[in-house]
Amino acid sequence: MVRVRLAPSPTGTLHIGTARTAVFNWLFARHQKGQFLLRIEDTDKERSKPEFTTNILEGLAWLGIDWDEDPTIQSERVHEHRSAIQLLLDRGLAYRCYANEEELATMRELQKAENKAPRYDNRHRHLTAEQEASFQAKGREAVIRFRIDDSEEIHWRDLVRGPMQWRGADLGGDMVIARRAPADQIGDPLYNLVVVVDDAAMAITHVIRGEDHIANTAKQLLLYQALELTAPVFAHTPLILNAEGRKLSKRDGVTSINDFRSMGYTAEAIANYMTLLGWSVPEGMEERFTLMQAAEVFSFDRVNKAGARFDWDKLNWLNAQVLHGLTPQQLLDDISPLWREQGWSLPEDVSWSLALCELLGPSLTLLKDGIDQAKPFFVCPELEDDGLKQLEVEGARGALGQLVESLESDPWDGGDIAVAQSLLAGAANKAGVKKGVLMKSLRAGLLGRLQGPDLITTWSLLTRVGQDLPRLKRCLS
Ligand code: GLU
């Protein structure tokens, strides 16, 4: 049974890169009828915050990503991490290194002066018992390092990148697996060790994560070997790049799923777009799909090796597709909280709000476009220049006056469109202007300007909330 996991660190809100990794893990798990698990990597005590965990879980749920077991909490497993380190010490595969910061800095400076890549020179790998005792007598603390032989050759078959190889010599020397601590203790276990212990304990079969972890994979494979654990299959997904081809970062203005959410993107469009970032649809499949539809056909064969450039036009297009596909009721559910936030009250008659959604839906790209576009239906707009100019057209005010007169003597309830048409024709006729002049003037009066959605529907909606006559009357003087 396929078991994959997302292992976010709760040191910030749900990052777009993490969310995209989540999507790929989830798609693979669902396609394979396997399980998708979560592990909260909260061992960085200073930077980890419970509110970030909440944000990450909520963000995943919002995107439509569900998980199969209660999340594993990494900090609750420190005992297991320490046992694994003890095992490596017992097997002579790990050792205490007493070198202090000053000595390590000097070592690096020398390497730099000789134009060599900085690395730990394994200086404490073979300390004698006397040397160790002497460091301890001086009260020196120690980190614990895992031995990485330079001659080591690491090979794996990556699901995205194919055959991979790494040389032990390129891993920076013996690797620290526990932070500095008094020499009779084991300090805080570190990332690579902890991940291996946890992935094995969770019976993870496939580790799917960003390509920035490739060097970690090489180190982790050595740890699997040393701990005699079965290594999972690895898949390294391409990074998300900005339009200039650099790694998407804070400077691009959006990094967190929250940012997209507050910009008015729908979960469906974001999930759809993140899948397209790095995965190409099979022939014959449209680029607009749900996660479920993608899961049916998902495979790593179609995941690209190259970084994926973020394309706002594509995301906007997808978002518009999603919004245009919503029923008026769905759109109302999504947008009414935004309207209420503006302090606008919706009429009791829900059919009015549904009709407004039906009217505005087709022109939305972002959900929040529906705030500006709905505003004139809740708040009487000022007359703008083009609206004022229209009212100066010969006969315009007279025709509007005729319309107001007919409405006052025989009110329209905003229902039958044929009634509206004949009211317009009659008033134009009486005033001796073309119907088009009256229609433009009506729009100017109702919306303050000449741009806007379908006129008769607009008029009907405003009539139903008693906003037609006051708006038209202000134009007559
Ligand atoms: N906590 C790590 C991260 O967020 C997990 C990496 C991994 O998937 O192993 O980058």
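## Looking at the overall build of the chain
Regarding its fold elements, the chain presents 20 helices and twelve strands. Judged by the C-alpha coordinates and their principal axes, the chain covers about 110 × 45 × 40 Å. Within the chain, buried positions represent 48% of all 477 residues. Summed over all atoms, the accessible surface of the chain reaches about 23,100 Å², with 48% contributed by carbon and sulfur. Measuring between centres, the 55 positive side-chain charges of the chain sit 4 Å from its 68 negative side-chain charges.

## Some details on the sheet that holds strand S8 (residues 175-182)
The three strands are arranged S4-S5-S8 in an open sheet whose pairing can be described as antiparallel. Of all the strands in the sheet, the pair left with one neighbour each is strand S4 (94-97) and S8. Within the sheet, the average angular offset between the axes of one strand and its neighbour, ignoring direction, is 25°. Two elements, strand S5 (residues 141-146) and S8, share five bridges in a ladder whose sense is antiparallel. Looking at S8, one finds that glutamate 141 is bridged to proline 182.

## What to know about the site of the ligand
In the neighbourhood of the ligand, the contacting residues comprise Arg5, Ala7, Ser9, Glu41, Tyr191, Arg209 and His213. For the ligand, a nitrogen atom lies 3.0 Å from a polar atom in the side chain of serine 9. Here an oxygen atom of the ligand and a side-chain polar atom of histidine 213 are 3.1 Å apart. Protein contacts shield 79% of the accessible area of the ligand, which totals 300 Å² for the unbound molecule.

## As for the state of the cysteines
All told, the structure shown has zero disulfides when counted by the stated rule. With no disulfide partner, cysteine 475 has as its closest neighbouring cysteine sulfur the one in cysteine 380, 8.7 Å distant.

## Re helix H11 (residues 312-324)
The terminal C-alpha atoms of H11 lie 18 Å apart, and with 13 residues this matches the ideal 18 Å at 1.5 Å per residue to within 8%. Burial in H11 covers these residues: Leu315, Leu318, Asn319, Ala320, Val322 and Leu323. Looking at the buried residues of H11, the elements they touch are helix H8 (257-262) and helix H9 (267-276). Structurally, the start of H11 carries an N-cap: the backbone nitrogen of aspartate 313 is 3.0 Å from a side-chain oxygen of aspartate 311.

## What to know about the side chain of arginine 39
Inspection of the secondary structure assignment puts arginine 39 in strand S2 (residues 35-40). For arginine 39, a relative accessible area of 0% puts it in the buried group. For arginine 39, the side chain forms a polar contact with the side chain of aspartate 199, separated by 2.6 Å. Filtering out sequence-adjacent residues up to four positions away, arginine 39 remains in contact with Arg5, Leu6, Ala7, Pro8, Thr72, Gln74, Val195, Asp198, Asp199 and Met202.

## Things to note about the pattern of salt bridges
All told, the structure shown has 26 salt bridges when counted by the stated rule. In this structure, the salt-bridge partner of aspartate 44 is arginine 47, at a minimum N-O distance of 3.3 Å. For aspartate 44, a relative accessible area of 27% puts it in the partly exposed group. When salt bridges that share partners are traced, they join Arg5, Arg39, Glu41, Arg77, Asp198 and Asp199 into one network.

## Comments concerning helix H17 (residues 417-431)
Across its 15 residues, H17 extends 21 Å between first and last C-alpha, which sits within 8% of the 21 Å expected from 1.5 Å per residue. Where H17 is buried, its residues contact helix H16 (396-409), helix H18 (435-447) and helix H19 (455-464). Structurally, the start of H17 carries an N-cap: the backbone nitrogen of alanine 418 is 3.0 Å from a side-chain oxygen of aspartate 416.

## A closer look at the nonpolar core
Formed by 50 residues in total, the largest nonpolar core has its most connected members in Leu27, Phe36, Leu63, Ile65 and Phe310. Secondary structure elements with two or more residues in this core: strand S1 (3-6), helix H1 (16-31), S2, helix H2 (50-63), H8, H9, helix H10 (291-297) and H11. Residue contributions to this core peak at nine residues, all from H1. Once you skip the residues sitting within four places of it in the chain, isoleucine 65 turns out to touch Ala22, Val23, Trp26, Phe36, Leu60 and Leu291. Among the nonpolar cores identified, the runner-up in size contains 44 residues, and Leu359, Ile371, Leu447 and Leu472 belong to it.

## Considering the packing of aromatic side chains
For the coordinates displayed, the defined rule picks out 16 aromatic pairs. On the basis of an interplanar angle of 35° and a centroid distance of 5.7 Å, the ring pair of phenylalanine 24 and phenylalanine 298 is categorised as tilted. A residue pair is termed long-range when its members are at least 10 positions apart, and phenylalanine 24 in helix H1 and phenylalanine 298 in the loop between H10 and strand S12 (308-309) qualify at 274 residues. Like phenylalanine 298, phenylalanine 24 is buried. Arranged with centres 4.7 Å apart and planes meeting at 55°, the rings of tryptophan 412 and tryptophan 459 form a pair that is tilted. Here tryptophan 412 is found in the loop between H16 and H17, whereas its partner tryptophan 459 is found in helix H19, with 47 residues between them in sequence. Cluster of aromatic residues (ring-pair linked, three or more members): Phe24, Phe28, Trp279, Phe289, Phe298 and Phe300. Taking NZ or CZ as reference, arginine 145 lies 3.4 Å from the ring centre of tyrosine 120, over its face.

## What to know about unusual backbone geometry
Even without being a glycine, lysine 33 presents a positive backbone phi close to 55°. Along the chain, the position of lysine 33 falls in the loop between H1 and S2. Positive phi, normally seen in glycine, also occurs at alanine 203, with a value near 55°. Within the secondary structure layout, alanine 203 lies in the loop between helix H6 (191-201) and strand S9 (206-210). Since its relative accessible area comes to 42%, alanine 203 is described here as partly exposed.

Rules behind the numbers
Residues numbered from 1 in each chain as written. Predicted model: local features only at pLDDT ≥ 70, side-chain atom pairs only at ≥ 80, totals over all residues. Heavy atoms only, no water. Helix = DSSP H or I, 4+ residues; strand = E, 2+ residues; numbered from the N terminus. Buried < 20%, exposed > 50% of the residue type's maximum accessible area, 1.4 Å probe, protein only. Areas by Shrake-Rupley, 256 points an atom, 1.4 Å probe, with all protein chains shown as cover. Lys, Arg positive; Asp, Glu negative; His and termini not counted. Charge placed at Lys NZ, Arg CZ, Asp CG, Glu CD. Pairing = 2+ DSSP bridges. Axes fitted to C-alpha atoms, helices over the stretch in contact; angles between N-to-C directions. Near = heavy atom within 4 Å. Polar contact = N/O pair within 3.5 Å; in protein donor to acceptor, adjacent residues only side chain to side chain. Disulfide = S-S within 2.5 Å. Expected span 1.5 Å × (residues − 1). Contact = heavy atoms within 4.5 Å. Salt bridge = Lys/Arg side-chain N within 4 Å of Asp/Glu carboxyl O. Core = buried A, V, L, I, M, F, W, Y, C linked by side-chain atoms within 4.5 Å. Phe/Tyr/Trp six-rings, centres within 6.5 Å; stacked < 30°, edge-to-face > 60°. Lys NZ or Arg CZ within 6 Å of the ring centre and 35° of its normal.

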